[in-house]
Amino acid sequence: MLAFATALLFVLSLSLGPLKIPVSEVFNSLTGQHASKTTWEFIILNYRLPKAITAVIAGIGLSISGLLMQTLFRNPLAGPYVLGLSSGSSLGVAFVIMGAGLLPPVAAGFLISSYGIVLASCLGSFAVFVAQKLRDTTSTLIVGLMFGSFSSAIVGVLTYFSTAEQLQKFTFWALGNLGNLSWTSIVILAIAVTVGLMLSILSIKPLNTMLLGENYAHSLGLDLRKSRLVIIFATTLLAGSITAFAGPIAFVGLAVPHISKLIFQTSEHWILFWSTLFFGAIIMLVCDMLCQFPGTELTLPINAITSIIGAPVVIWLLVRKQKFMA
């Protein structure tokens, strides 16, 4: 049912927008048949299809990374950016946008490319290498928060010395944008997210074991340090690559895993993995459609809609948790 809902919303996202296109024309364009109007086919294949694919990839990656972090830290309010990945990605992209001009032309050209942006954005993987030296998740969390503070400070310095044009470009990136991605960028993003999902699938059994506590997991023979490293590296690939291309999208990674847990009422990660995957794609597609106002050219940043939807969910979770504690 979730897979069918995802496919249905995917087609609707190609149909709805400032210019409404009949669903039958969308099917004709996707199946190789020509639409009745060339402008419709051009809009679908060159604008809406890349954006819809990016929305699905971003929703899946952020939701799964949120599930991984909430289980790893056993904290229902942990998100994909808890290890400073958002700040690390912001630092990398800020350096590309506002500091690439200080480098030699060859190095600056590489950073501005899609490969360079991903590499710079994944600076949040710094926490992965530090995690090898740490023994528990609390220390890993503290290192992530400290790295996030350090990255934010460097971004502030870069912002202070930037031009108005650079500031505007960085601000648009920070607001989140699922459009304007080339097919090359989408392929790079899909590869990074696919590798992250494969690592997540390999971590399902360790995640189920971690629910019982670190001491019990260790008694069962689980290598906690290795498992924690794989989970953090998977989160870095998922959240870092998505942040590089679409910006730091808020609340999706935090709220979607809770929606899956509430609906399916289970802690089995094999079920939660697939339900979270589909719910993430569904919610991101819905948010993308809500960003567009039919009949107008007005488009809101994706972060505005995800925050409007995600913030009430988080507030409701906190209120619900307090009621149970009372």
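Please refer to the structure higher up on the page.
The structure presented is a predicted model; accordingly, all values stated were derived computationally and were not measured.

Definitions and cut-offs
Residues numbered from 1 in each chain as written. Predicted model: local features only at pLDDT ≥ 70, side-chain atom pairs only at ≥ 80, totals over all residues. Heavy atoms only, no water. Helix = DSSP H or I, 4+ residues; strand = E, 2+ residues; numbered from the N terminus. Expected span 1.5 Å × (residues − 1). Buried < 20%, exposed > 50% of the residue type's maximum accessible area, 1.4 Å probe, protein only. Contact = heavy atoms within 4.5 Å. Core = buried A, V, L, I, M, F, W, Y, C linked by side-chain atoms within 4.5 Å. Salt bridge = Lys/Arg side-chain N within 4 Å of Asp/Glu carboxyl O.

To continue, consider helix 1 (residues 2-15). Between the first and last C-alpha of helix 1 there are 20 Å, a value that for 14 residues agrees with the 20 Å anticipated at 1.5 Å per step. Regarding helix 1, the residues found buried are Thr6, Leu9, Phe10, Val11, Ser13, Leu14 and Ser15. At its buried positions, helix 1 is contacted by helix 2 (23-30), helix 3 (38-72) and helix 15 (269-291). Following helix 1 by one or two positions, Gly17 has its phi on the positive side, about 155°.

With that settled, the discussion passes to the nonpolar core. Grouped together as the largest cluster of nonpolar side chains are 64 residues, with contacts concentrated most on Ile64, Leu178, Ile249 and Met284. Looking at this core, the elements that each hand over two or more residues are helix 1, helix 3, helix 10 (183-202), helix 11 (204-210), helix 13 (224-246), helix 14 (252-264), helix 15 and helix 16 (302-325). For this core, the element with the highest residue contribution is helix 3, accounting for 14 residues. Of all hydrophobic cores here, the second largest spans 9 residues; its members include Leu91, Ala94, Leu158 and Trp173.

Another point: the pattern of salt bridges. All told, the structure shown has 1 salt bridge when counted by the stated rule. Note that Lys51 and Asp288 form a salt bridge whose closest N and O atoms lie 3.5 Å from each other. Remark: Asp288 occurs in helix 15 and Lys51 occurs in helix 3; sequence separation between them is 237 residues. Take Asp288: its relative accessible area is 6%, and that puts it in the buried class.

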